[in-house]
Every structure is written in structure tokens, then in C-alpha cells.
Amino acid sequence: MTQIYGKVALIGLGLIASSMFWASKRAGAAGVTSGYARSEATRETARRIGLCDQVCETAAEAVADADLVVLAVPVGAMSAVAQEIAPHLKPGCTVTDVGSVKRHVIDAVAPHLPEGVNFVAGHPLAGTEHSGPESGFDTLFDNRWTLLVPTESASKAATTQLRAYWEALGANVEEMDADHHDLVLAVTSHAPHLIAYTMVGVADDLRRVTDSEVIKYSAAGFRDFTRIAASDPTMWRDVFLTNKDATLEILGRFTEELFALQRAIRTGDGEHLHAYFTRTRAIRRGIIQAGQDTEAPDFGRGQGKT
Ligand code: NAP
């Protein structure tokens, strides 16, 4: 048990914040953790399940005296939340976020924060398709990456302390530049989600034709797409609206490759298809070797990790 911060405030009490609380409790990483969510219903649920040591009625109350403030709301809500809490922050505290896009969040949050506050943006690369205060669990971040993007306002000591907190929660931590983060995530997460949404949408259209056969005979490939496409609509709308350029760049490349594969199918170019699939299979092996997934037939997603 190593306490990293005296008081941590979680703003937003959904999947990520609740998992942070349970993981922090497991590690004893915070002396006390306060929490705030905008709806009374979520605050009530949090109190009922013991999520946070104190559930506050306002964000201002939650951040008072906090050494670390975590913004765990959808990316599109970060600016308004930062504005709301700014006058109530403890001088010298650290503010971080868990948003899936970094450049937009930094631009939206930094201008509101008072001088002397350390702003270190962050993104845990762990999640599930579930949301809300009851969806969190203490092992979500175990052996997953959390990327930190320190801004100009952050001292080295503040970044080091935040790194120690995430490590206590079970994560591996790396620092990254905001634009690089957004490009990498467009490849590994954002574009794949859009492709899954599209495939499920296409199948849904087809369902009307084949009278529910798509659901009835749903094969593993399609089932995996439906799991991803069940992710929170607000979160993903915000991701695409705020990581526009990188996502469009990757989708452009994706479309070119898709056309090449389409041509190979039309012309019966089996060699092209076989070589392509051999290359992609090696990538899968690399991910397993890196410990980021398992050989299990359900892709090791006992808890639906993405
Ligand atoms: P979630 O389970 O849907 O919870 C979102 C929380 O934010 C809820 O407490 C909600 O309050 C609050 N909220 C929503 N809109 C708000 C607004 N306009 N103003 C103030 N509060 C608002 O979301 P999550 O999955 O934890 O995601 C939180 C952040 O983590 C997002 O920025 C997302 O990009 C990032 N992230 C998500 C994943 C993932 O897989 N889910 C992975 C990594 C990072 P109410 O309950 O009261 O509505």
C-alpha cells in the first residue's frame, strides 16, 4: 500500500472513473477520493455502491483541497467542466484527464486553468463497451498502457507523481506528444471503431432483407464488431468530432487498401490475398507476444476489454 496523493477528485463517475477508484482503493493510492457526476441518478448510484469516499453535490465541492483532479467526462464536455472547477482548484494541484483525444482536450482545458496548476493530460488505453458508475472494476488498467502528455504548465515532479499513481493502479506508463498520440490512436482505436460501426450498420440494413438471419447465424467476426459497435454513442461522437484530421487520414489509407483487396477478389488474385493475410496474421502474434491480448478464443476479453 503506497499512498501517492492525499486527496483525489474524480469528475465524472463512469466506467473509467469508477475503475480508477476501485484500482486506487486496491492499491491504497489515495488518502481520500471525492467524486462528482452531473446527474442526481449517478450520484445516488455512486453512494449506493460505495464508489468514492465522498460523493459531492457540486464539482467545486469535489475539487476543494484535492491534490489530483481527474476529468473523466466525454471529450466534448472537458472545456465546460474545466471552466467550472478552475476557481476552486487548490494552488499547485495537478489536473489530468482520461479523454481518448489529446490535442483537442489540451486546447479546451489549458486556457481555463489558473497559473500554478500542473496540467498533465492523460489517456488510459483500457476500456470496455460498457459505461456508467456500475461498469468499473479494479483490474481494468492492469498491464495496460496509460499515455501521459505533460503540458508546459506541468512541473517534472507533478508528472512523476501522476506516473506513480497510474502505476499503482496497475498501468504501464509512457509519455507522448499530443499530435502523435492522436495519430496512433486513430490507427489503433478510432478508425477500427468506425469500421465496426459501419459493418454493423450494413448488417442491420441486410437484416431487413434476410429476416434476422444476420443475428441468428452471427459468426465470430461479426459478433466482435457488434461488441465494439455497442460502445457509448456520446463518447464516440466526441472522439470523431475532435480527432477529425487523423481519423480522416487513416480512413483514406484504409479505403485505398480496401480497393486493392476488392480488385484482388474481382481478378482472382489469390497470391495478393494470401500474402496480405499472412502479413496481418503476424501483427496479431506480435500483440499477443507484447502481452496486450491472449490466445483465448474470445480474444481474452473476459470482461470485454477493448
Ligand atoms: P461514461 O461511463 O459514459 O461516464 C461519463 C461520465 O461523464 C458520467 O459520470 C456522466 O455523468 C459524465 N458526463 C457526461 N456528459 C457530461 C457533461 N456534458 N458534463 C458533465 N459531465 C458529463 O464514460 P467513460 O467510458 O468513463 O469515459 C470517460 C472518458 O474516458 C471519455 O473522455 C472517454 O473518451 C475516455 N475513455 C473511455 C474509454 C472507454 O473504453 N470507455 C477508454 C479510455 C478513455 P452522468 O452519469 O451524470 O450523465
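Residues numbered from 1 in each chain as written. Predicted model: local features only at pLDDT ≥ 70, side-chain atom pairs only at ≥ 80, totals over all residues. Heavy atoms only, no water.

Side note on the site of the ligand
Here's step 1: The environment of the ligand is made up of 26 residues, and the closest members are L13, S39, T42, V73 and S100.
Here's step 2: V73 has a polar backbone atom sitting 2.7 Å from an oxygen atom of the ligand.
Here's step 3: Between an oxygen atom of the ligand and a main-chain N or O atom of G132, the distance comes to 2.8 Å.
Here's step 4: Out of a free accessible area of 910 Å², the ligand has 84% covered by protein chains.
Here's step 5: For the shell around the ligand, the secondary-structure elements that each account for two or more residues are α1 (15-27) and β6 (118-124). (Near = heavy atom within 4 Å. Polar contact = N/O pair within 3.5 Å; in protein donor to acceptor, adjacent residues only side chain to side chain. Areas by Shrake-Rupley, 256 points an atom, 1.4 Å probe, with all protein chains shown as cover. Helix = DSSP H or I, 4+ residues; strand = E, 2+ residues; numbered from the N terminus.)

Description of the layout of surface pockets
Here's step 1: In this structure, the second largest pocket encloses a volume near 170 Å³.
Here's step 2: Lining the second largest pocket are L194, I195, T198, M199, V202, F225, L251, F254 and T255.
Here's step 3: Residue contributions to the lining of the second largest pocket peak at five residues, all from helix α7 (residues 178-210).
Here's step 4: The residue makeup of the lining of the second largest pocket, split by class, is seven nonpolar, two polar and no charged. (1 Å grid on protein atoms, 1.4 Å probe; cavity = no way out; pocket = protein on both sides within 12 Å on 5 of 7 lines; lining within 4 Å. Points joined across faces, edges and corners; volume = space filled by probe spheres on them. Nonpolar A, V, L, I, M, F, W, Y, C, P; charged D, E, K, R; others polar.)

As for the pairing of strand β1 (residues 5-11)
Here's step 1: Within β1, six of the seven residues are buried, which leaves the element mostly enclosed by the surrounding structure.
Here's step 2: Relative to strand β2 (residues 30-36), β1 is paired through six bridges, and the arrangement is parallel. Counterpart to A9 in the pairing with β2 is S34.
Here's step 3: Crossover handedness for the path β1 to α1 to β2: right-handed.
Here's step 4: Here β1 pairs with strand β4 (residues 68-71) via four bridges, running parallel. Looking at β4, one finds that I11 is bridged to L71. (Buried < 20%, exposed > 50% of the residue type's maximum accessible area, 1.4 Å probe, protein only. Pairing = 2+ DSSP bridges. Right-handed = clockwise from strand over helix to strand, strands pointing away.)

Description of the packing of aromatic side chains
Here's step 1: Scanning the entire structure with this criterion turns up five aromatic pairs.
Here's step 2: Here F141 and W166 contribute two aromatic rings whose centre-to-centre distance is 5.1 Å and whose plane-to-plane angle is 85°, an arrangement assigned as edge-to-face. Highlighted residues: F141 in the loop between β6 and β7 (145-150) and W166 in helix α6 (residues 156-168), separated in sequence by 25 residues.
Here's step 3: Looking at W166, the relative accessible area reads 1%, which means it is buried.
Here's step 4: When the ring of Y165 is compared with that of W166, the centres are 6.5 Å apart and the planes differ by 70°; the resulting orientation is edge-to-face.
Here's step 5: The exposure class of Y165 is buried, given its relative accessible area of 1%. (Phe/Tyr/Trp six-rings, centres within 6.5 Å; stacked < 30°, edge-to-face > 60°.)

Some details on the pairing of β7
Here's step 1: Relative to β7, β6 is paired through five bridges, and the arrangement is antiparallel. From the neighbouring strand, V120 faces β7, where its bridge partner is P150.
Here's step 2: Since β7 and strand β8 (residues 172-175) lie parallel, the crossover through α6 that links them has a hand, and here it is right-handed.

Structural notes on the packing of helix α11 (residues 244-267) against helix α12 (residues 270-289)
Here's step 1: Between α11 and α12, the least distance of the axes is 9 Å, while the angle of their chain directions is 140°. Taken together, the axis directions place α11 and α12 in an arrangement best described as oblique. Residues E257, A260, L261, A264 and I265 of α11 pack against H272, L273, Y276 and R279 of α12. (Axes fitted to C-alpha atoms, helices over the stretch in contact; angles between N-to-C directions. Parallel < 35°, antiparallel > 145°, perpendicular 65-115°, else oblique. Contact = heavy atoms within 4.5 Å.)

Looking at the domain arrangement of the protein chain
A common way to report how large an interface is uses the accessible area buried once the components associate.
Here's step 1: Examined at the domain level, the protein chain breaks down into domain 1 (5-176) and domain 2 (180-268).
Here's step 2: A straight line from the C-alpha centre of domain 1 to that of domain 2 covers 30 Å.
Here's step 3: Counting residues at the interface gives 15 residues for domain 1, matched by 15 residues for domain 2.
Here's step 4: Buried surface at the junction of domain 1 and domain 2, summed over both partners, amounts to about 1,200 Å²; 67% is from carbon and sulfur atoms.
Here's step 5: When the area that domain 1 buries against domain 2 is broken down by residue, the three leading residues are V101, E129 and M176, summing to 42%.
Here's step 6: For the interface between domain 1 and domain 2, the tally reads one salt bridge.
Here's step 7: In this structure, the salt-bridge partner of E129 is R227, at a minimum N-O distance of 3.6 Å.
Here's step 8: Here domain 1 and domain 2 share five residue pairs in polar contact (both at pLDDT 80 or more) between them.
Here's step 9: Tallied by class, residues from the side of domain 1 that touches domain 2 come to seven nonpolar, five polar and three charged. (Domains from an automatic or database assignment. Buried area = accessible area lost by both parts, 1.4 Å probe. Salt bridge = Lys/Arg side-chain N within 4 Å of Asp/Glu carboxyl O.)

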